[in-house]
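Spelled out, the chains give:
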Amino acid sequence: LKGPTTTPIGTGHKSANVTLRKVFDLYANVRPAKSVPAMKRPWDIDLVNIRENTEDCYAAIEHMVSDEVAQCLKVITWPGSLRIADFAFTFARRMGRKKVQCVHKANIMKMTDGLFLEAFRTVAKNYPEIEAGDVIVDNCSMQLVKNPQNFDVLVLPNLYGDILSDLCAGLSAGLGFAPGANIGPTVAIFEAVHGSAPKYAGQNKVNPSAVLGSGIMMLRHLGEEKAANQIDKAMHAVLLEGKHVTYDVGGTAGTQEYAQAIVDKMRTLK
């Protein structure tokens, strides 16, 4: 269970997250977006973004062509595309999900995104009970805003997955409630989708729900379903009561007060 770290913009060291994903081959990034009853929205959504986590533009192969031209290579491989597609369908089958859609821009990037889409279609044949489809990324962005309830599981190349998972977080309850998992063959790292906020350090102010949600995902990954459900149920009960919640939910409680209220609720709920 990992906390967020700051990555310098434009200069400085490479992203710790990107490095960890490469070192441990954490090829699958899982980011659920589910409505939180306490955070009123005009729709009810429950979808999951499954993002390829090691390739695409995030392979970090960049160089200067000249003093005035920088180039970034978009790397999409057949093995990488096959395994993230298979992960998405396996996840859908295990979780009782009905539909998996591939998000791409194969109409323009015919080789790279075309390969990703073809791998998806190849894998889909092995899961006939699950509806498979595809959607162009810009249209997907619009449809998510208009009709987010129509989506179930999305599988995406790295860059699109990074962007659209934040959009989905905004539609559901905000980044303060967005958990995430980075899963590989032998290692899994769980972390909030949001980045770091050094300006709030030590102020006992921010909402820890995204980190708690990531911990819940970790417990479920480890087979600790009872413990995961206990925390999840208590957290949502505290949010619905609204007495001990953080400022972004309309309350005045600090981080520790909110967390303690969840602990207290866990003791009373069966």
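Look up a bit, the structure's there.
Counting of residues starts from 1 at the beginning of each chain's written sequence and follows it residue by residue. Confidence filtering applies because this is a predicted model: local features only for residues at pLDDT of at least 70, side-chain atom pairs given and counted only at 80 or more, and all residues used for totals across whole chains, interfaces and linings. For side-chain calculations, the full set of non-hydrogen atoms in the structure is used, while hydrogens and water are omitted.

Concerning the packing of helix α4 (residues 137-146) against helix α5 (residues 158-172)
Relative orientation of the contacting elements α4 and α5 amounts to 10°, with a least axis distance of 10 Å. For the element pair α4 / α5, the angle class is roughly parallel. For the pair formed by α4 and α5, the contact residues are Val 137, Cys 140, Ser 141, Leu 144 and Val 145 on the first element and Tyr 160, Leu 164, Leu 167, Cys 168 and Leu 171 on the second. Gly falls in the polar group here, along with every residue not listed as nonpolar (Ala, Val, Leu, Ile, Met, Phe, Trp, Tyr, Cys, Pro) or charged (Asp, Glu, Lys, Arg). Residue composition of the contact of α4 with α5, by class: nine nonpolar, one polar and no charged. Whenever a helix is involved, its axis is fitted only over the stretch in contact; in every case the axis is a line through C-alpha atoms, and angles between N-to-C directions fall within 0 to 180 degrees. Helix and strand labels come from DSSP, where a helix needs a run of H or I of at least four residues and a strand needs a run of E of at least two; each type is numbered from the N terminus. Reported orientations rely on four angle classes, namely roughly parallel under 35 degrees, roughly antiparallel over 145, roughly perpendicular from 65 to 115, and oblique for the rest. Whether two residues touch is decided by their heavy atoms; if any such pair falls within 4.5 Å, the residues are in contact.

Some words on the packing of aromatic side chains
Centres within 6.5 Å are what make two rings of Phe, Tyr or Trp a pair, Trp counting through its six-membered ring; a difference in plane orientation under 30 degrees is then read as stacked, over 60 as edge-to-face, and the rest as tilted. Enumeration according to the criterion identifies three aromatic pairs in this entry. With a centroid separation of 6.0 Å and an interplanar angle of 85°, the aromatic rings of Tyr 27 and Phe 87 are classed as edge-to-face. Residue Tyr 27 is located in the loop between α1 (16-23) and β1 (28-34), and its partner Phe 87 is located in helix α2 (residues 78-95); the two are separated by 60 residues in the primary sequence. Across the pair, Phe 87 and Tyr 27 agree in class, each one buried. Between Phe 89 and Tyr 127 the ring centres are 5.1 Å apart and the planes differ by 15°, which places this aromatic pair in the stacked class. Linking Phe 89 in helix α2 with Tyr 127 in the loop between α3 (112-124) and β6 (131-136), this pair joins segments that are 38 residues apart in sequence. By the burial criterion, Phe 89 is buried, and Tyr 127 matches it. Burial classes follow relative accessibility: with a 1.4 Å probe on protein chains only, a residue under 20% of its type's maximum area counts as buried, one over 50% as exposed, and anything between as partly exposed.

So, the environment of Asn 139
Within the secondary structure layout, Asn 139 lies in helix α4. Sequence separation between Asn 139 and Val 103 is 36 residues, and the spatial gap between their C-alpha atoms is 9.4 Å.

Quick notes on the pairing of strand β7 (residues 153-156)
Of the two faces of β7, the one holding Val 153 and Val 155 and the one holding Leu 154 and Leu 156 are both buried throughout. Examined bridge by bridge, strand β2 (residues 46-52) and β7 share four bridges and lie parallel to one another. In the strand pairing of β7, Val 48 is matched with Val 153. Bridge analysis of strand β5 (residues 99-104) against β7 gives three bridges, and the strand direction is parallel. The residue bridging Gln 101 from the neighbouring strand is Leu 154, located in β7. When DSSP finds at least two bridges between two strands, those strands are taken to pair.

Describing the environment of Val 249
Looking at where Val 249 falls in the secondary structure, it is placed in the loop between α7 (225-241) and α8 (255-268). Between the alpha carbons of Val 249 and Met 39 there is a distance of 7.2 Å; along the sequence they are 210 residues apart. Beyond its immediate chain neighbours, meaning those up to four positions away, Val 249 contacts Met 39, Phe 177, Asn 207 and Leu 239.

Some thoughts on the pattern of salt bridges
By definition, a salt bridge exists where a carboxyl oxygen of Asp or Glu is found within 4 Å of a side-chain nitrogen of Lys or Arg. The full count for this structure, using the stated rule, is 15 salt bridges. When the shortest N-O distance is used, the salt bridge between Asp 162 and Arg 31 registers 3.6 Å. Separated by 131 residues along the polypeptide, Asp 162 in helix α5 and Arg 31 in strand β1 bring together distant segments of the chain. The shortest N-O distance in the salt bridge between Arg 220 and Glu 225 comes to 2.9 Å. In this structure Arg 220 comes out as partly exposed when scored by relative accessible area, which is 33%. Residue classification places Glu 225 among the partly exposed positions, given a relative accessible area of 37%. Through salt bridges that share partners, Lys 2, Arg 21 and Glu 191 make up one connected network.

Here's the deal with the environment of Leu 240
Examined against the element boundaries, Leu 240 turns out to sit in helix α7. C-alpha separation for the pair Leu 240 and Val 36, spaced 204 residues apart in sequence, amounts to 9.1 Å. Among all residues touching Leu 240, those that are not within four sequence positions of it are Pro 37 and Ala 38.

A word on the pairing of strand β4 (residues 69-72)
In this structure, strand β3 (residues 62-66) lies alongside β4, joined through four bridges in antiparallel fashion. Counterpart to Met 64 in the pairing with β4 is Ala 70.

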